Amino acid sequence: MGRIGRIARRSFLIGSVAVAGGVAFGTWRYRTPYANPLHEGLPTGAAALTPYVLIESGNITLITPRADKGQGAYSAQAALIAEELDVTLEQIRVDPGPPSRAYWNTALSEMVADFTAPGDGLINSAAHGTLDAMMKFAGMQITGGSTTVADSFTKLRAAGASARETLKAAAAERHGVPRDRLSTGEGAVVLPDGTRIPYTDLAAQAARIEPVQDVPLRAPSEWRLIGKPMQRIDIIAKSTGTLTYGIDREVPGMAHATVLLNPAQGGARHGFDASEARAMRGVKAVLPVTGGVAVVADNTWRAIQAARRVQAEWGEAAFPPTMEAHWQTLSDAFTEDRIDSRKRDDGNVADRLQNNGIIEAEYRAPYLAHAPLEPISAIVQVNDGGAEVWTGTQIPRFVQGNVADIAGIPFEAVTVHAEYIGGSFGHRLEDEIVRRATEVAVQLPGTPIKLTYSREEDMSHEFTRQIAMARLRGSVRDGQVDTLDLGIAMPSVIASQMGRQDQPVPGPDSEIVAGAWDQPFAVPNQRVTGYRAPELAPISSWRSVGASTNGFFYNAALDELIHAAGADPMEERLRLCDDPLARKVLEAVAEMSAWDGTAPGDGRGRGVALTYSFGVPCAEVIEVTGTGRGISIDKVWVAAEVGLVVDPINFRNLVQGGVIFGLGHAMNCEITYTDGVADQNNFHAYEGMRLRQCPEISVRGLENGDKIRGIGEPPVPPAAPALAAAIFAVTGTRLREMPFSRQVAFA
Amino acid sequence: MRLTVNGTLHEVDVEERMPLLWVLRDELGITGPKYGCGIAQCGACTVHVDGEAMRSCQLPVADVWGDVTTIEGLGTPDAPHPVQAAWIEHQVAQCGYCQSGQIMAAAAFLARTPDPTDTDIDDALSGNLCRCGTYPRIRDAVRDAAERLRGG
Ligand code: FES
Ligand code: FES
């Protein structure tokens, strides 16, 4: 059990925020407060605080409840607290804390609400149904939607400020000096005579007084950390092999397990014969789990070897056996009765498309695996009516509930330890591995079961990115884009994902049209229609979700029309752009890339794309060269508007990573299914981008808006269409289907 | 079977064909080398055997011909190897999961090629997959590490 969990269980004093030898701070008052998770055992009404700062005699611990999948979330959250608390990042430790409703993600719900057009004509209620279903599930401590920074920005600074002022009040009391004559710095209260009293010495006293609330936050001009380059708190550990990821965690007495799952995704397991596997060295047990068999051994490799020797009878997948049939299902979904939303319908599209000269095109985007480099793993131990879980997860509360259900124990009897995650891209929004580890653990009570998927099992049983298809009908007039009618068909990713958590999802799925209906281009006659296709293979949120397919569709469609109009892709986007923040972003990439509308020559070509997603307009210009060995991607210029760049280094890194992620998958990645079985199960068949293919990437963050936005996802959607446009400029080939390696070679 | 890892001699009782990676991780508790693919496609498991970069997921433990160095033996948080120091300075890591392998590959490469061209760097490290897309900083850090190692 983590330190925080242990402390919470034993030592909170009733009616105060004191812990043994220390004090916990937080300031965010919820309208309907949830119990402070560090106050376990207190009556619910007594908790008005959420804890983000824990000060004990020896330590200052900042609680950073959002998962860190590699995006630097722990550092960003710690910096926000430290900014007001007046500690250096070297003086503190971070702990993700226990999962709790008190940490629910308000920004995620606001974000969805923000992007929901109320009262849109065709289908009422838009995404609100989806939103409510997702958010109302008690306490959505979810890391996703690029919301970490936005959600934390006020809450964490307020927690730091309250803690600081309370510590000053404690020092004032002890030394008989008015609080306003005290200052703070580097983890200490400073008395008027310069004497420094470390916070940790004041903890016991601070615990006895009423916390100081509603402290005004510092003005940006006073910030020491925010907006300045920071060293990530995990960077040394990650550069010396000393960081413990979930897959590295060891618990005393633990056994190593792996699974052999029905190769057909989601299919049932009938009988199995494990006689050969059971006789292999180190194998302790072979046990049934949902859809497969688990082998428990004394070493992961031995478990994997033995799992390959299990014979089983498998049921079929619940989706069509060929990819042709999947595409046909999407193609058949462009019908009136499958319209899920029509959130944009400007001008008079139907009339305009009566004319001659209609431009038509069809676009496709495949299933994709998240495939973070760390294969998924989880440790679960079930005993005496309780369970402990060690895993990297973006949904700790769901994990808690699912483990409780499977083990037949109360929710509160499950402790979840959040582990460092070796990448996610949305993969850790699923928790099937924890459920299967629990199924094994209940069959071997008392033994901690560390379940690790082989890369093959992991990749071939992914809940993939949605497959999607789009159809354009459009026209141009007088050298300008006049009509853009885009229909998009896909199954509902939210319904598929939330269905696995037994959450009903009423109403339309805004992800079907995200990144297309909400773009800042005032084409005079413009319509975006979402068609909800029937469920196919199970799908999940993949970095940037709906926009990951729709950003490509929208920009590619726009480019076809701009080309037909004989206009310049940058000029025409600027002319059509009706959003001041997006316009600045386009102007920035035009300036960075010295875009002047002329072909760069020497076999080089350029493309531009902009996608507004997660509240962030992000534009990219990509330059490629056609070489004898194929297309070489040479340069990328990116600009994004985020309101405030909290850490310029992490910002640049996330943008570069997002561009590379978008490009790598657009180049050569897809998951295809034959008879329900994924045809790609490891990185030889799912390559992505390699170092030698990586372009130079120049990044600029703009801060013109008044809302703080996250940058984890927005750089992904524009990468594919900008690449397609650049390749078109060089080869004259319109790429309408991802991955592009189906049509062109990459150097 | 005997195995020297980071200067310590270990006696292990395992199958001869067990890959070195799993001997390190599950038998010796040395978890710096990572499991990413198990089929020589990602490089996350890279260690040195007698100074040579090897994919430990592909190396049966019985075939280990010399002393093994893992990322933990290359340098430490208090005394990082110059390659690690460059990795820290350039804040290369995102999730960091590939970085043990990247650093071990880079260290072996620079020991052989002290003054690499950009193409040398690309060729040497393209077998190491980074799903987070840290490549631009890997390039910068390798160039910087080369200078540090040359005493620049
Ligand atoms: S784990 Fe050895 S190369 Fe991927
Ligand atoms: S830093 Fe995440 S895989 Fe490289």
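Quick look at the structure, then.

Thresholds applied
Residues numbered from 1 in each chain as written. Chains lettered and ligands numbered in written order. Predicted model: local features only at pLDDT ≥ 70, side-chain atom pairs only at ≥ 80, totals over all residues. Heavy atoms only, no water. Helix = DSSP H or I, 4+ residues; strand = E, 2+ residues; numbered from the N terminus. Buried < 20%, exposed > 50% of the residue type's maximum accessible area, 1.4 Å probe, protein only. Contact = heavy atoms within 4.5 Å. Areas by Shrake-Rupley, 256 points an atom, 1.4 Å probe, with all protein chains shown as cover. Pairing = 2+ DSSP bridges. Axes fitted to C-alpha atoms, helices over the stretch in contact; angles between N-to-C directions. Buried area = accessible area lost by both parts, 1.4 Å probe. Salt bridge = Lys/Arg side-chain N within 4 Å of Asp/Glu carboxyl O. Polar contact = N/O pair within 3.5 Å; in protein donor to acceptor, adjacent residues only side chain to side chain. Nonpolar A, V, L, I, M, F, W, Y, C, P; charged D, E, K, R; others polar. Phe/Tyr/Trp six-rings, centres within 6.5 Å; stacked < 30°, edge-to-face > 60°. Core = buried A, V, L, I, M, F, W, Y, C linked by side-chain atoms within 4.5 Å.

Considering the overall build of chain A
Moving on, step 1. Secondary structure assignment for chain A yields 20 helices and 28 strands.
Moving on, step 2. Counting the 747 residues in chain A, one finds 68% classified as buried.
Moving on, step 3. In chain A, of all internal contacts separated by at least 6 residues, the share reaching a separation of at least 24 is 78%.
Moving on, step 4. Surface summary for chain A: the accessible area is close to 25,200 Å², and the carbon and sulfur share equals 48%.

What about unusual backbone geometry?
Residues and elements named next belong to chain A.
Moving on, step 1. The omega angle of the peptide bond from methionine 738 to proline 739 is -5°, so this bond is cis rather than trans.
Moving on, step 2. With respect to the element layout, proline 739 can be found in the segment after helix H20 (719-731).
Moving on, step 3. Backbone geometry at valine 545 places phi at a positive 50°, although glycine is not the residue there.
Moving on, step 4. Along the chain, valine 545 falls in the loop between strand E22 (525-532) and helix H16 (546-565).
Moving on, step 5. Judged by its relative accessible area of 8%, valine 545 is buried.

Quick word on the pairing of strand E3 (residues 53-56) of chain A
All names here are of chain A.
Moving on, step 1. Alternating positions in E3 separate into two faces, Val53 and Ile55 on one and Leu54 and Glu56 on the other, with burial throughout.
Moving on, step 2. As paired strands, E3 and strand E4 (residues 60-63) are joined by three bridges and run antiparallel to one another. From the neighbouring strand, isoleucine 55 faces E4, where its bridge partner is isoleucine 60.

Here's the deal with the sheet that holds E22 of chain A
Residue and element names in this part refer to chain A.
Moving on, step 1. Within the open sheet, the five strands sit side by side as E14-E22-E21-E20-E15. Their pairing is mixed. Strands with a single pairing partner mark the edges of an open sheet, and in this sheet they are strand E14 (339-346) and strand E15 (359-365). Pairs of neighbouring strands in the sheet enclose a mean axial angle of 15°, with direction left out of account.
Moving on, step 2. Direction of pairing for strand E20 (residues 468-477) relative to strand E21 (residues 480-490): antiparallel, over a ladder of nine bridges. Bridged to methionine 469 within E21 is alanine 489.
Moving on, step 3. Strand contacts of H16: E15, E20, E21 and E22, with the helix running at about 150° to E21, the strand carrying the most contacts.

Topic: the interface of chain A and chain B
Moving on, step 1. Contacts between the two partners involve 63 residues from chain A and, on the opposite side, 53 residues from chain B.
Moving on, step 2. Each partner contributes to the roughly 4,800 Å² buried at the junction of chain A and chain B, and carbon and sulfur atoms together form 55% of this total.
Moving on, step 3. Three residues stand out in chain A for area buried against chain B, namely Trp301, Leu373 and Leu691 of chain A, and they jointly supply 18% of the buried area on that side.
Moving on, step 4. Viewed at the interface, chain B and chain A are joined by six salt bridges.
Moving on, step 5. One salt bridge in this structure joins glutamate 15 of chain B and arginine 281 of chain A, with 3.7 Å as the shortest N-O distance.
Moving on, step 6. The interface formed by chain A and chain B holds 33 residue pairs in polar contact (both at pLDDT 80 or more) in total.
Moving on, step 7. The dominant element in the side of chain A that touches chain B, judged by the number of residues it contributes, is helix H19 (residues 648-668) of chain A, at 10 residues.
Moving on, step 8. Here the residues of the side of chain A that touches chain B sort into 27 nonpolar, 22 polar and 14 charged.

Re the packing of aromatic side chains
Residue and element names in this part refer to chain A.
Moving on, step 1. The tally for this structure, following the rule as stated, stands at 13 aromatic pairs over all chains.
Moving on, step 2. A centroid spacing of 6.4 Å and a plane angle of 40° characterise the contact between tyrosine 363 and phenylalanine 553, whose relative ring orientation is tilted. Remark: phenylalanine 553 occurs in helix H16 and tyrosine 363 occurs in strand E15; sequence separation between them is 190 residues. When sorted by exposure, tyrosine 363 lands in the same class as phenylalanine 553, which is buried.
Moving on, step 3. Here the aromatic rings of phenylalanine 425 and phenylalanine 661 are separated by 4.5 Å at their centres, their planes lie at 40°, and the arrangement is tilted.

A closer look at the nonpolar core
Moving on, step 1. One finds Leu486, Leu723 and Phe740 of chain A to be the most contacted residues of the largest nonpolar core, which totals 215 residues.
Moving on, step 2. Grouped together as the second largest cluster of nonpolar side chains are 43 residues, Leu156, Ala159, Ala170 and Met230 of chain A included.

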